[in-house]
Amino acid sequence: MGKTKRPFWEEKTLEQMTKEEWEQLCDGCGRCCLEKLEDEDTGEVHYTSVACRYLDTWTCRCLDYPDRIRNMPDCLMINPGMIRKIHWLPKTCAYRRILEGKGLADWHPVVSGNRESVHHAGISVRNKVISANHVTQDDLEAYIIDTEI
Ligand code: SF4
Ligand code: SF4
């Protein structure tokens, strides 16, 4: 009997993944697209319940993914080196989970085979956030969320 092939996220390191595999690894939660505020004294990063104005708050997808860096210079083009450096990615983030050796959760779309599972499991930001189109920068602090993402 032949060996069962393991899925790419169990077989490869982040660096070994193809561009397509890398993109598939994103669970589509939209959490990293929330506005964040950094405490100037401590360097601590606080998430807010305000989503980047380019995030569709229902699908939790970027409205203009190919042009995201031009649209939003703060937006990160996440790569393996960066995942190792940034400390504020949500604990649920698939890239962080893989890096920490936790594998993918059963609600991840590539595991469940259903793109909606990340929403049904309550992991995505769907129905939980407001678009930055409706909030001024000065008011952002009022939207800081205490819960750890
Ligand atoms: S937090 Fe991670 S898994 Fe979720 S949308 Fe951002 S990059 Fe993708
Ligand atoms: S530009 Fe798109 S990918 Fe970047 S933070 Fe905004 S919604 Fe997210």
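The structure we're discussing is the one just above.
Draft legend 1. A look at the overall build of the protein chain. When helices and strands are counted, the protein chain shows 7 helices and 3 strands. Along the protein chain, helices and strands appear, N-terminal first, in the series α-α-β-β-α-α-α-α-α-β. In terms of overall dimensions, the protein chain is globule-like: its C-alpha atoms have a radius of gyration of 16 Å, near the 15 Å expected for 149 residues. Its C-alpha atoms give the protein chain principal-axis dimensions of roughly 65 × 30 × 30 Å. Within the span of the protein chain, comprising 149 residues, buried residues form 23% of the whole. If you take every contact in the protein chain between residues at least 6 apart in sequence, the share linking residues at least 24 apart comes to 57%.

Draft legend 2. Structural view of the site of ligand 1. Residues in contact with ligand 1 amount to 13 residues; listed here are only the nearest, C26, D27, C29, C32 and C93. Residue composition of the shell around ligand 1, by class: 9 nonpolar, 2 polar and 2 charged.

Draft legend 3. Inspection of the sheet that holds strand 1 (residues 34-38) at higher detail. Within the open sheet, the 3 strands sit side by side as 1-2-3. Their pairing is mixed. At either end of the open sheet lies a strand with only one pairing partner, and these are strand 1 and strand 3 (130-131). Pairing analysis gives 4 bridges linking strand 1 to strand 2 (residues 45-51), with the strands arranged antiparallel. The partner of L34 across the bridge, within strand 2, is A51.

Draft legend 4. Structural detail: the site of ligand 2. Around ligand 2, the surrounding shell consists of C33, C52, Y54, L55, C62, R68, N71, M72 and C75. Considered class by class, the residues forming the shell around ligand 2 number 7 nonpolar, 1 polar and 1 charged.

Draft legend 5. How the structure looks around the environment of L89. Structurally, the position occupied by L89 is in the loop between helix 4 (80-85) and helix 5 (94-99). In this structure L89 touches C32, I83, Y95 and R96, once residues within four positions along its chain are discounted.

Draft legend 6. Inspection of the nonpolar core at higher detail. Counting 23 residues, the largest nonpolar core has C33, L34, A51, Y95 and V125 as the members making the most contacts within it. Those elements giving two or more residues to this core turn out to be strand 2 and helix 5. Once residues lying within four places of it in the same chain are set aside, the contact partners of V125 are C29, G30, R31, L34, A51, T57 and C60.

Draft legend 7. Summary view of unusual backbone geometry. The backbone of C60 sits at a positive phi, close to 65°, despite the residue not being glycine. Following the sequence through the fold, C60 ends up in the loop between strand 2 and helix 3 (68-71). The exposure class of C60 is buried, given the 23 C-beta atoms found within 10 Å.

Draft legend 8. Molecular detail of the pairing of strand 2. In the sheet, strand 2 pairs with strand 3 via 2 bridges, with the strands oriented parallel. Pairing of A51 across the sheet is with S131, part of strand 3.

Draft legend 9. Structural context of the environment of W58. Looking at the secondary structure, you find W58 in the loop between strand 2 and helix 3. Of the residues examined, W58 has 12 C-beta atoms within 10 Å and is grouped as exposed. For the pair formed by W58 and E11, sequence separation is 47 residues and the distance between their alpha carbons is 33 Å.

Cut-offs used in this document
- Counting restarts for each chain, with residues numbered from 1 along the sequence as it is written.
- Naming scheme: in the order in which they are written, chains are lettered from A and ligands are numbered from 1.
- Reporting in this predicted model follows two pLDDT cut-offs: at least 70 for local features of residues, and 80 or more for side-chain atom pairs to be given and counted; totals over whole chains, interfaces and linings ignore these cut-offs and use all residues.
- Counting from the N terminus, the helices are DSSP H or I runs at least four residues long and the strands are E runs at least two residues long.
- When we talk radius of gyration, it's over C-alpha atoms, and the globule rule is simply 2.2 Å times the number of residues to the 0.38.
- Put simply, a residue is buried when 20 or more other C-beta atoms lie within 10 Å of its own C-beta and exposed when 12 or fewer do; between those, it is partly exposed, and each C-beta is set from the backbone.
- Here, residues touch in the contact sense if the C-beta positions derived from the backbone fall within 7 Å of one another.
- Nearness between a residue and a molecule or strand is assessed with a C-beta atom placed from the backbone; a distance within 6 Å qualifies.
- Each residue receives one of three labels: charged for Asp, Glu, Lys and Arg, nonpolar for Ala, Val, Leu, Ile, Met, Phe, Trp, Tyr, Cys and Pro, and polar for the others, Gly being one of them.
- Note on pairing: DSSP must find at least two bridges between two strands before they are called paired.
- In these notes, a nonpolar core means any group of buried Ala, Val, Leu, Ile, Met, Phe, Trp, Tyr and Cys residues linked to one another through C-beta atoms within 7 Å.

Nothing here speaks to function; it is geometry throughout.
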